[in-house]
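Structural overview for review
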Amino acid sequence: MQLQCVGCSGPVSASEAQCPRCGRAVDADGNGLPDDLDRKVQRSVKKALHEAKAEEAEAKARQDRKRQADTVRLRLQLNQESPRSFFGLAWRRGRNTFLAMFFLFAVGVVIPARLLLSATAGSTPAGLVWCPLQCPECHGPGHIFMWRYRGPWHSNKGRMGTALVCHNPNFDVDRATWLDVSRQNDSLQPYIVHGFVAYLVDSVGLALVFAILRSFIGTSRALKELDIQRRELEAEAARLRA
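Here's what I pulled together on the structure shown here. (Residues numbered from 1 in each chain as written. Predicted model: local features only at pLDDT ≥ 70, side-chain atom pairs only at ≥ 80, totals over all residues. Heavy atoms only, no water.)

Along the chain, the regular secondary structure elements total seven helices and five strands. The linear arrangement of helices and strands in the chain, starting from the amino end, is β-β-α-α-α-β-β-α-α-β-α-α. The C-alpha atoms of the chain give 39 Å as radius of gyration, which overshoots the globular expectation for 242 residues (18 Å, by more than 25%). With the principal axes as the frame, the chain shows a C-alpha extent of 125 × 55 × 25 Å. Buried residues in the chain amount to 31% of all 242 residues. When contacts within the chain are restricted to residue pairs at least 6 apart in sequence, those whose partners lie at least 24 apart make up 59%. Accessible area for the chain stands at about 15800 Å²; split by element, carbon and sulfur atoms hold 59% of it. Charged side chains in the chain number 33 positive and 24 negative. The centres of these two groups are separated by 5 Å. (Helix = DSSP H or I, 4+ residues; strand = E, 2+ residues; numbered from the N terminus. Rg over C-alpha atoms; globule rule 2.2 N^0.38 Å. Buried < 20%, exposed > 50% of the residue type's maximum accessible area, 1.4 Å probe, protein only. Contact = heavy atoms within 4.5 Å. Areas by Shrake-Rupley, 256 points an atom, 1.4 Å probe, with all protein chains shown as cover. Lys, Arg positive; Asp, Glu negative; His and termini not counted. Charge placed at Lys NZ, Arg CZ, Asp CG, Glu CD.)

Take a look at the structure:
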């Protein structure tokens, strides 16, 4: 193998200990390889590593482009499947809003809303909807009573700090206090809506309110945005294909 001296670039042999031209040691670093051969090996290794990194980067770039293309294709498909009529889109927006809000309310978000409604209006949707079904003499909107309860668990409705009492001819709900409800709990059982029922009805009622509002508010703008988004997605898909 023809080698060169790394000092003067003159020809040397692997069997020689020193360069015949400049006297520099052929294996100056003492690693068992002539310095010129060692340098060529290092260059080859660096080139191979560089090429491997370039291939890895290109493979990653291809994966990223494919992932972006799949995402754009999915978004475009969803956009194309979206209704293009006002009432069709309003129905979809309302349905999705109802499901999302009912889930949020069902896991506990409805509690602050019920507290706000009970503080301002004295009742919640459950009083209007369920009280007429509670008993023959009951009617809405009823009244929610809340107080700080400390003590053992009770199976009676409205005994543990909150009670939705329907309007009825035997108990003046409008003038009563939470203390009256607590003391007369046993006699008021026929007029008190079960806490689980009230919570469920309030969740459905409030979710419906949000759904109806979102069905008609902003739907016209959403229709225009769908067309704009479709054109943008089509252009992005064409760019990724190219």
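The next point concerns the packing of aromatic side chains. For the coordinates displayed, the defined rule picks out four aromatic pairs. Aromatic side chains phenylalanine 98 and phenylalanine 102 sit 6.0 Å apart centroid to centroid with 15 degrees between the ring planes, which places their arrangement in the stacked category. Of the two residues, phenylalanine 98 and phenylalanine 102 both sit in helix α2 (residues 86-120), four residues apart, roughly one turn of that helix. Cluster of aromatic residues (ring-pair linked, three or more members): Phe86, Phe87 and Phe216. (Phe/Tyr/Trp six-rings, centres within 6.5 Å; stacked < 30°, edge-to-face > 60°.)

Scanning the entire structure with this criterion turns up eleven salt bridges. With a closest N to O distance of 3.1 Å, aspartate 70 and lysine 66 form a salt bridge. With aspartate 70 and lysine 66 both in helix α1 (residues 35-81) and four residues apart, this pair spans about one turn of that helix. Given a relative accessible area of 31%, aspartate 70 falls into the partly exposed group. Here lysine 66 falls in the exposed class, since its relative accessible area comes to 53%. (Salt bridge = Lys/Arg side-chain N within 4 Å of Asp/Glu carboxyl O.)

Here we take up the packing of helix α3 (residues 125-134) against helix α6 (residues 195-216). Where α3 meets α6, the closest approach of the two axes is 8 Å, and the angle between their N-to-C directions is 120 degrees. Between α3 and α6, the angle falls in the class oblique. Crossing handedness for the pair α3 and α6: right-handed. On α6, the residues that touch Pro125, Ala126, Val129 and Trp130 of α3 are Val197, Ala198, Val201, Asp202 and Leu206. (Axes fitted to C-alpha atoms, helices over the stretch in contact; angles between N-to-C directions. Parallel < 35°, antiparallel > 145°, perpendicular 65-115°, else oblique. Left-handed = near helix turned anticlockwise from the far one by under 90°.)

What follows covers the packing of α1 against helix α7 (residues 219-241). Put simply, α1 and α7 touch, their axes get as near as 9 Å, and they point 150 degrees apart. Overall, the two elements α1 and α7 adopt an arrangement that is roughly antiparallel. Note that α1 runs across α7; the crossing there is left-handed. Two secondary-structure elements touch here, α1 through Arg65, Gln68, Ala69, Val72, Arg75, Leu76, Asn79 and Gln80 and α7 through Leu226, Gln229, Arg230, Leu233, Glu234, Glu236, Ala237, Arg239 and Leu240. Class assignment for the residues of the contact of α1 with α7 results in seven nonpolar, four polar and six charged. (Nonpolar A, V, L, I, M, F, W, Y, C, P; charged D, E, K, R; others polar.)

Within the secondary structure, threonine 97 sits in helix α2. With 22 residues separating them along the chain, threonine 97 and arginine 75 place their C-alpha atoms 20 Å apart. With residues near it in sequence (within four places) discarded, threonine 97 still touches Phe210, Ala211 and Arg214.

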